[in-house]
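Here is how the chains run, residue by residue.
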Amino acid sequence: EAAVTQSPRNKVAVTGGKVTLSCNQTNNHNNMYWYRQDTGHGLRLIHYSYGAGSTEKGDIPDGYKASRPSQENFSLILELATPSQTSVYFCASGTGTYAEQFFGPGTRLTVL
Amino acid sequence: SQLAEENLWALSVHEGESVTVNCSYKTSITALQWYRQKSGEGPAQLILIRSNEREKRNGRLRATLDTSSQSSSLSITATRCEDTAVYFCATDYAQGLTFGLGTRVSVFP
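Draft legend 1. Highlighting the sheet that holds strand 1 (residues 4-7) of chain A. All names here are of chain A. In spatial order, the strands read 1-3-8-7; together these 4 strands make up an open sheet with antiparallel pairing. Bordering the open sheet on either side are strand 1 and strand 7 (65-67), each of which pairs with just one other strand. For this sheet the average axis-to-axis angle between neighbouring strands, irrespective of direction, equals 20°.

Draft legend 2. Looking closely at the interface of chain B and chain A. On the side of chain A, 22 residues touch chain B, which itself brings 19 residues to the contact. In total, about 1600 Å² of surface goes out of reach between chain B and chain A, with carbon and sulfur atoms giving 52% of it. The three residues of chain B that bury the most area against chain A are B:Pro43, B:Gln95 and B:Phe99, which together make up 34% of that side's buried surface. Where chain B meets chain A, there are 0 salt bridges. Our count for the contact surface shared by chain B and chain A stands at 5 residue pairs in polar contact (both at pLDDT 80 or more). Elements represented by at least two residues in the side of chain B that touches chain A include exactly strand 4 (31-37), strand 9 (85-93) and strand 10 (96-99) of chain B. Per-class residue counts for the side of chain B that touches chain A are 8 nonpolar, 9 polar and 2 charged.

What counts and how
Residues numbered from 1 in each chain as written. Chains lettered and ligands numbered in written order. Predicted model: local features only at pLDDT ≥ 70, side-chain atom pairs only at ≥ 80, totals over all residues. Heavy atoms only, no water. Pairing = 2+ DSSP bridges. Helix = DSSP H or I, 4+ residues; strand = E, 2+ residues; numbered from the N terminus. Axes fitted to C-alpha atoms, helices over the stretch in contact; angles between N-to-C directions. Contact = heavy atoms within 4.5 Å. Buried area = accessible area lost by both parts, 1.4 Å probe. Salt bridge = Lys/Arg side-chain N within 4 Å of Asp/Glu carboxyl O. Polar contact = N/O pair within 3.5 Å; in protein donor to acceptor, adjacent residues only side chain to side chain. Nonpolar A, V, L, I, M, F, W, Y, C, P; charged D, E, K, R; others polar.

Spelled out as structure tokens, the structure:
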């Protein structure tokens, strides 16, 4: 059974709209991560968390917020979506800073 | 520029052949990880090799690490069509891991 799940799997949003991407993990990992993946850029870290109530900025946090209400759940929020945020978003969990990361299946977001 | 990067965008091989993906990195590391991403899926770790290890095996996979040249390789023997994927190396980074752009490996019948 999948340990990291994401919802929705596909999303079409309008420019200026609010988008929330959700991630749930059953690994009981402290660390969770949000990446976006674009051709030519690879995986880029947006936000991460060390545990419930904690969120930290990654390499490209502008335009994104994150929320970690519990050990299991980590959300990525786009308050005012823009076409440049069209991408595939991956959530991951891990036991420690340099440890293996377990990825979800991804969410394809298109902002029109 | 990338802190970790594979040296080729794409490789093609026939089933049964071997293939090697190479990676170079720019900082001192505690470990290097290899991930595979199949189409429509998230990446999944294949091997973790620590800085004090020179070689690590996992079934048909063999990873090497040369800390003096800051390079690593991942070899797959007896390739199968299902090995078709993008292969990434990932190294330590301040906030966790940094991933290379990946090498697309295509295995043809």
